[in-house]
Amino acid sequence: MTMSVPSRHHNIADDLRRQIATGRIQPGERLRSEADLADRYKVSTVTLRRALSVLQGEGLVEKIHGKGNFVRLPLRKIMYVGGWGTLDPWTAAEAALRVTVRTTPVPAHGQLTTLLNVPAGSPLTEFSCLSFEGASPHGLARIYIPRDLAPAGTLGNESTYGEAATRFAVLGPAPAVVRETVCARPPTPDEVWALRIGSTVPILAITRTATDSAGRVVEAALLAFPGDRIDAAFTTHHMIDEGQTQG
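Residues numbered from 1 in each chain as written. Predicted model: local features only at pLDDT ≥ 70, side-chain atom pairs only at ≥ 80, totals over all residues. Heavy atoms only, no water.

**A word on the environment of Ala174**
This is how it is decided: To qualify as a helix, a DSSP run of H or I must reach at least 4 residues; to qualify as a strand, a run of E must reach at least 2; elements of each kind are numbered from the N terminus. Each residue is assigned to one of three classes by its accessible area relative to the maximum for its type, calculated with a 1.4 Å probe on protein chains only: buried under 20%, partly exposed between the two thresholds, exposed over 50%.
Structurally, Ala174 can be placed in the loop between helix H6 (162-165) and strand S8 (177-185). Residue classification places Ala174 among the exposed positions, given a relative accessible area of 58%. Considered as a pair, Ala174 and Ser213 are 39 residues apart in the sequence and their alpha carbons are 9.7 Å apart.

Now the structure itself:
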């Protein structure tokens, strides 16, 4: 019977993991440069990067472009409240979130034509929102509304939808129906990059559509959260037929 021998990069990952677990390397602390670590462990930078990739996939270390590798701070969970679709940044010990919002005119294509029930090429406004706690991303939202429903100034810096967008909420007036589909799946390459997560970290994906009383879809939202950073709550309201209460 033969026994497998741990590879060099796994040994390095084990050593760094122990240092993090014992507090020798503190949360938020920047690791030594990759060149310095490779020299310390007497390995190539390729092998060293494989070791760091293991820790990044485990969520222990995150690489910030242009700054280096950091021990990830313990992330508090936030709450996504279904129905209105509100991301509540004051949940979980009042975690303070910062949300960046970018608005862009885009044509309807692919999945968006189905979700919004519009012809391909129809003009839309995209709100791309990314939430952070400190320097660590928490969630990603891409919210789309038909261009004719966007008030003047939406694409400017003084967007009237800014406050709602920062909470990942339904942007327009109260809709008649909100439909949400939730699934767990692997992240896309764009989500790996934006959320700075490993490719094996599961994503909680929520697809949300809001419909007005005339049956028009007024918004479609594609939301993505790392599974370890979010809780979701959905409340169901049962409608009672008044005719059943009489007689």
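Having seen it, we continue.
**Section: the pairing of strand S3 (residues 78-81)**
Note the following rule: Paired strands are those between which DSSP finds at least two bridges.
Taking every second residue as pointing to the same face, the buried face of S3 carries Ile78 and Tyr80, while none of Met79 and Val81 on the other face is buried. Summarising the sheet, S3 and strand S11 (residues 230-233) pair through four bridges and their orientation is parallel. Each bridged residue has a counterpart across the sheet, and for Val81 the counterpart in S11 is Ala233.

**Digging into the packing of aromatic side chains**
Threshold: Stacked, tilted and edge-to-face pairs are distinguished by plane angle, under 30 degrees for stacked and over 60 for edge-to-face with tilted covering the rest, among Phe, Tyr and Trp rings (Trp via its six-membered ring) whose centres lie within 6.5 Å.
As enumerated under the stated definition, the model contains three aromatic pairs in all. An angle of 50° between the planes, with centres 6.1 Å apart, marks the rings of Tyr80 and Phe225 as tilted. In this pair, Tyr80 is assigned in strand S3 and Phe225 in strand S10 (residues 217-226), connecting sequence segments 145 residues apart. Under the relative-accessibility criterion, Phe225 is labelled buried at 0%. Their ring planes at 55° and their centres at 6.2 Å tell us that Tyr80 and Phe234 sit as a pair that is tilted. Placement of the pair is Tyr80 in strand S3 and Phe234 in the segment after S11, with a sequence separation of 154 residues. Each residue in the set Tyr80, Phe168, Phe225 and Phe234 is aromatic and connected to the rest through ring pairs, giving one cluster.

**Some words on the pattern of salt bridges**
Defined as follows: Whenever Lys or Arg places a side-chain nitrogen within 4 Å of a carboxyl oxygen from Asp or Glu, that contact is recorded as a salt bridge.
On inspection of all chains with the given rule, the structure shows eleven salt bridges. One salt bridge connects Glu219 with Arg208, and the closest N-O pair in it is separated by 2.9 Å. You can see Glu219 sitting in strand S10 and its partner Arg208 sitting in strand S9 (residues 203-211), a full eleven residues away along the chain. When salt bridges with common partners are traced through the structure, they connect Asp15, Arg18 and Arg40 into a single cluster.

**Here we look at the sheet that holds S10**
Note the following rule: A fitted line through C-alpha atoms serves as each axis, taken over the contacting stretch for helices, and the angle formed by two N-to-C directions is quoted from 0 to 180°.
Strand order across the open sheet formed by six strands is S5-S6-S7-S10-S9-S8, with antiparallel pairing between neighbours. In this open sheet, the two strands that pair with only one neighbour each are strand S5 (98-107) and S8. The average undirected angle you get between the axes of adjacent strands in this sheet is 15°. The sheet contact formed by strand S6 (residues 123-133) and strand S7 (residues 136-146) spans ten bridges and is antiparallel. Bridging from a neighbouring strand, Phe127 pairs with Ile143 of S7.

**Some remarks on the environment of Leu124**
Our working definition: Only heavy atoms matter for contacts: two residues are in contact if any of them lie within 4.5 Å across the pair.
Residue position: Leu124 is located in strand S6. Residues Leu124 and Leu112, spaced twelve residues apart in sequence, show a C-alpha to C-alpha distance of 9.5 Å. Setting aside residues no more than four positions away along its own chain, Leu124 makes contact with Thr104, Pro105, Val106, Pro107, Ala108, Leu112, Leu116, Tyr144, Ile145, Pro146 and Arg147.

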